[in-house]
Amino acid sequence: MSSDDRRFPRVGVGAAVLDGDDLLLIERGRPPRQGQWAVPGGKVRWGETLELAVAREVLEETGLHVDVGELIWTGETIGPDWHFVLLDFEARVTGGVLKAGDDAARAAWIPLDEAPELPLTSSMYELLPILRRRRDAT
């Protein structure tokens, strides 16, 4: 990243995928936040729609194909050399085989109520209550 690139936030997307009481999570395999768990996601590429970015990132990190639904959470994370605007979408699995890939060290279905026991990225603590409310409303 050039010094000029750091002057502007990057857009990151994520997929909140629930299967009953289980949430699809990945353990980040690279910095920043290596070793922490989060919903699958990553940076939007130039010219890529948000929905295509979500579907691509889920496939790369988990081996699963998804239909992308509505936007359910927005936030941001700012560090010494990064600033990301984060957009998390609801998504539903349509195919594929669960297998960690790309920059994910592991991919797993985790019971939603057990997720807080994992070392999570900070944004997950804002997303989890939203997911619990959505699960409980169905």
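See the structure above.
Here is a short report on the structure shown in this document. (Residues numbered from 1 in each chain as written. Predicted model: local features only at pLDDT ≥ 70, side-chain atom pairs only at ≥ 80, totals over all residues. Heavy atoms only, no water.)

**What about the overall build of the protein?**
When helices and strands are counted, the protein shows two helices and seven strands. Element order for the protein, N to C, with α for helix and β for strand: β-β-β-β-α-β-β-β-α. Expected size for 138 residues packed as a compact globule is a radius of gyration near 14 Å; at 14 Å, the protein falls within 12% of this value. Each principal axis of the C-alpha atoms in the protein carries an extent, and together these give about 45 × 30 × 25 Å. Look at the contacts in the protein between residues 6 or more apart in sequence, and 66% of them connect residues 24 or more apart. Working note: accessible area of the protein is about 7600 Å², and carbon and sulfur atoms make up 51% of it. Distance between charge centres in the protein, computed from 16 positive and 24 negative side chains, equals 5 Å. (Helix = DSSP H or I, 4+ residues; strand = E, 2+ residues; numbered from the N terminus. Rg over C-alpha atoms; globule rule 2.2 N^0.38 Å. Contact = heavy atoms within 4.5 Å. Areas by Shrake-Rupley, 256 points an atom, 1.4 Å probe, with all protein chains shown as cover. Lys, Arg positive; Asp, Glu negative; His and termini not counted. Charge placed at Lys NZ, Arg CZ, Asp CG, Glu CD.)

**Quick look at unusual backbone geometry**
Excluding glycine, residues mostly carry a negative phi; peptide bonds, for their part, are mostly trans. A positive phi angle is found at aspartate 102, which is not glycine, with a value near 50°. The exposure class of aspartate 102 is partly exposed, given its relative accessible area of 45%. (Buried < 20%, exposed > 50% of the residue type's maximum accessible area, 1.4 Å probe, protein only.)

**Things to note about the pattern of salt bridges**
Across all of its chains, the model carries twelve salt bridges by this definition. Among the salt bridges present, the one from glutamate 27 reaches arginine 106, with a minimum N-O distance of 2.6 Å. One end of the pair, glutamate 27, is in strand 2 (residues 22-28); the other, arginine 106, is in strand 7 (residues 104-111), and 79 residues separate them in sequence. The class for glutamate 27 is buried, based on a relative accessible area of 14%. Under the relative-accessibility criterion, arginine 106 is labelled partly exposed at 47%. The partner of aspartate 136 in a salt bridge is arginine 135, with the nearest N and O atoms 2.9 Å apart. (Salt bridge = Lys/Arg side-chain N within 4 Å of Asp/Glu carboxyl O.)

**Re the nonpolar core**
Formed by 21 residues in total, the largest nonpolar core has its most connected members in Leu23, Leu25, Met124, Leu127, Leu128 and Leu131. Among the secondary structure elements, those contributing two or more residues to this core are strand 2, strand 3 (37-38), strand 5 (64-79), strand 6 (82-96), strand 7 and helix 2 (124-137). Among the elements that line this core, the one with the most residues is helix 2, at five residues. Among residues more than four places away in sequence, those in contact with leucine 128 are Leu23, Leu112, Ala115, Pro116 and Leu120. (Core = buried A, V, L, I, M, F, W, Y, C linked by side-chain atoms within 4.5 Å.)

**Thoughts on helix 2**
Look at helix 2: 20 Å from first C-alpha to last across 14 residues, which is about the 20 Å you get at 1.5 Å a residue. Residues Met124, Leu127, Leu128, Ile130, Leu131 and Arg135 constitute the buried set of helix 2. Structurally, helix 2 contributes buried residues whose contacts are with strand 1 (10-19), strand 2, strand 3, strand 5 and strand 6. (Expected span 1.5 Å × (residues − 1).)

**Describing the environment of proline 111**
Following the sequence through the fold, proline 111 ends up in strand 7. Classification of proline 111 as partly exposed rests on a relative accessible area of 30%. For the pair formed by proline 111 and aspartate 22, sequence separation is 89 residues and the distance between their alpha carbons is 4.2 Å.

**Structural notes on helix 1 (residues 50-62)**
An α-helical segment advances 3.6 residues per turn. Residues three or four places apart therefore align on the same side. Taking 1.5 Å of rise per residue, the 13 residues of helix 1 would be expected to cover 18 Å, and the 18 Å separating its terminal C-alpha atoms lies within 8% of that figure. Taken together, the buried positions of helix 1 are Ala53, Val54, Arg56, Glu57, Val58, Glu61 and Thr62. Where the residues of helix 1 are buried, they touch strand 1, strand 2, strand 4 (41-43), strand 5, strand 6 and strand 7. Phi turns positive, to about 80°, at glycine 63, one or two residues after helix 1.

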